[in-house]
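Observations on chain architecture
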Amino acid sequence: MRLCSWLVLVAIIACGASARADLAVIESPVSTAVNDQILPAVFGGRIVWEDYRNEAAAGADLWWYDIQAGQSYPLVEAPEDQIAPFIWDDLVVFEDNRDTTSGGPYLFDVWMVQIGGTASALTRTIQQEESSCLYPGRAVFARDAGNGNWNIIEKNLETLTETPIGATLGAEMYPSTAGKYTVFSRLSGTQYDLWAYDRVTASVFPVCQASGDQWLASTDGRRVVWEDWRNAETAPDIYMYDFLTQQETAICTQPGKQQDPVISGSYIVWSDGRSGQWRVQLHDLNTGLDQAISGVTPAALDPRIHENVVVWRDRRNGDDDVYMAQVGPSCSPFATIGQVRLSPDETGVELSGKIVTRDLGNSFGIQEPDRSAGILVKGVWAVAPGDSVSVKGILKTLESGERILEPVIVRVASAGDAPVPLGVNNRTLGGEDFGDFTTGLSSGLDGWGLNNVGNLMRAWGRVTASGNGWFALAGWNPSAGDLRVECPGLTAPAVDAMVQVTGIAGLNLSGETRNRLIRAARAEDIVPLDQ
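Presented here is an overview of the structure given in this document. (Residues numbered from 1 in each chain as written. Predicted model: local features only at pLDDT ≥ 70, side-chain atom pairs only at ≥ 80, totals over all residues. Heavy atoms only, no water.)

Below, the discussion takes up the sheet that holds strand β19 (residues 214-219). Spatially, the four strands line up as an open sheet ordered β19-β20-β21-β22, and their pairing is antiparallel. At either end of the open sheet lies a strand with only one pairing partner, and these are β19 and β22 (247-252). Each neighbouring strand pair of the sheet contributes to a mean axis angle of 25°, computed without reference to strand direction. By the bridge criterion, four bridges tie β19 to strand β20 (residues 223-228) in an arrangement that is antiparallel. From the neighbouring strand, Q214 faces β20, where its bridge partner is D228. (Pairing = 2+ DSSP bridges. Helix = DSSP H or I, 4+ residues; strand = E, 2+ residues; numbered from the N terminus. Axes fitted to C-alpha atoms, helices over the stretch in contact; angles between N-to-C directions.)

Quick look at the structure:
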């Protein structure tokens, strides 16, 4: 990605305990035109925002910015106001009141435009609609149902049919949608609680009903973050819920206000007032890193993030402008995982078209489509076996000698069938050293054959030991050591059982000895053979 000449490397001020060195941040202005530019949104290499440079003649318009070209362009210029854009890929939904009649009600409809195209109305009603958002195939927004009632509506972008999601009498506001979930806030008595709609089961369920308000949520389809008022009436905090683990986590409860959180991958950003001035704060779920990423400014508000690009509304020049920052390491493209594993630690890596083998919860495996090489990717990501993904991250080595990627970006390109494992005898599991930086089994354990650590593998054997979340299979000969199988959350087979096991090959460090390891992820990965 080409960066414009005005980009500067800003000084980073750590604002919490960091689990590793701070992320590099490259900050730049996006739009500093006359009057205000507010409510930016970002996806891929495009940024959109609400723009008031022509306010006297035409009200608020929408503009967009091409990050690679470093150029701004008008997106929608029409009578009255076009506000609050949300972008997914090259589609933008926004609120538009061009149909307001003279002397009539001041109402907004939901409109949509493709970058470079002509805008069209998704809704044209006599009701107010707002807080629109997008996900492939659907738009979601809140609609005024009258008498103080608001409902969450999902609109199918192919059939143009509408489905009420909450459909209760009361105020339902601030939707966010991704994957199979749409989250929103529902007024209960005098406070807003956080609810979710599961599109697969067509069910609605509470996510958080703590004291105070829970609202302004953002979901990536696996997790949801929100602004939470349970701890103080004047100073909200940031909380998160994981739909998979069903666990709630406090992300930031520092003094002052933390508001408007957004999640993308392992990164969460929000507006943070702990210092007395509003800054954009970033939290990395994988490392625990917590740092400010906006430069010196009186106020940095309304942040949004996609992958490693953060945008926000900035007041350093007096009016509201739009600024951006690119965070994280510099990564170089590699054609194959094998080439990556020939590289030294701390290499910035970009891989595309790799296949997810197993999701282990705190990490997942990827391998080449031809199964020639694989590697473990750390962190919690919304992936499934068979997905074709691109990954950007830093190459690391575990204490055991196993190579891993610590990613900053994981993008799912398409879904597919789960890959078929490579079946091997226990002697060839793990394999020999590969190049100067990738080790195999320790000498004396007779590592033999190509290094297959990181691949989806299958092995067979008799159980020699068993415990909580693990068991061992007999080695191919008494001197080779047992094969360890890690299976957290699964039932380990009994000693002396004969089993087939499938999982991601790794290295198990016992003392100073590297031995064979398979990581099983699901019950069907462990198959009894003597029943």
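Moving on to unusual backbone geometry. Of note, E80 is a non-glycine position whose phi angle comes to about 60°, a positive value. You can see E80 is positioned in the loop between β6 (71-76) and β7 (82-88). Here D260, not a glycine, exhibits a phi torsion of approximately 55°, which is positive. Inspection of the secondary structure puts D260 in strand β23 (residues 258-264).

Another point: the pairing of β7. Both β7 and strand β8 (residues 91-96) contribute to a ladder of five bridges, which runs antiparallel. Across the sheet, the residue bridging to Q82 is D96, located in β8. Between the antiparallel neighbours β7 and β8 lie two residues, among them D89 with a positive phi of about 60°.

Another point: the pairing of strand β12 (residues 138-146). Remark: a regular strand shows side chains that alternate across the two faces of the sheet. Where strand β11 (residues 129-135) meets β12, five bridges bridge the pair, whose relative direction is antiparallel. In the sheet register, E130 faces β12, and the bridge partner there is A142. Between β11 and β12, which pair antiparallel and follow one another directly, the connecting turn spans two residues, one of which, G137, has a positive phi of 95°. Examined bridge by bridge, β12 and strand β13 (residues 149-156) share eight bridges and lie antiparallel to one another. Opposite R138, over in β13, you have N156 as the bridge partner. Once β12 ends, the chain turns through two residues before running back antiparallel as β13, passing N147 with a positive phi of about 60°.

Considering all chains together, one arrives at 11 aromatic pairs under this definition. Each ring, one from F205 and one from F243, has its centre 6.3 Å from the other, and the planes form 85°; the classification is edge-to-face. Of the two residues, F205 is situated in strand β18 (residues 203-208) and F243 in the loop between β21 (237-242) and β22; the sequence distance between them amounts to 38 residues. The exposure class of F205 is partly exposed, given its relative accessible area of 24%. (Phe/Tyr/Trp six-rings, centres within 6.5 Å; stacked < 30°, edge-to-face > 60°. Buried < 20%, exposed > 50% of the residue type's maximum accessible area, 1.4 Å probe, protein only.)

This part covers the pattern of salt bridges. Scanning all chains against the criterion turns up 29 salt bridges. D96 serves as the salt-bridge partner of R98, at 2.8 Å between the closest nitrogen and oxygen. The exposure class of D96 is buried, given its relative accessible area of 1%. For D302, the salt bridge goes to R313, with nearest N and O atoms at 2.8 Å. One end of the pair, D302, is in strand β27 (residues 300-306); the other, R313, is in strand β28 (residues 309-314), and 11 residues separate them in sequence. On the accessibility criterion, R313 (13% relative accessible area) is buried. Within the structure, one salt-bridge network assembled from shared partners comprises E129, R143, K155 and E162. (Salt bridge = Lys/Arg side-chain N within 4 Å of Asp/Glu carboxyl O.)

Attention shifts here to the side chain of D320. Mapped onto the fold, D320 is located in the loop between β28 and β29 (321-327). Polar side-chain contacts of D320 include one of 3.3 Å to the side chain of R313. Polar side-chain contacts of D320 include one of 2.9 Å to the side chain of R315. (Polar contact = N/O pair within 3.5 Å; in protein donor to acceptor, adjacent residues only side chain to side chain.)

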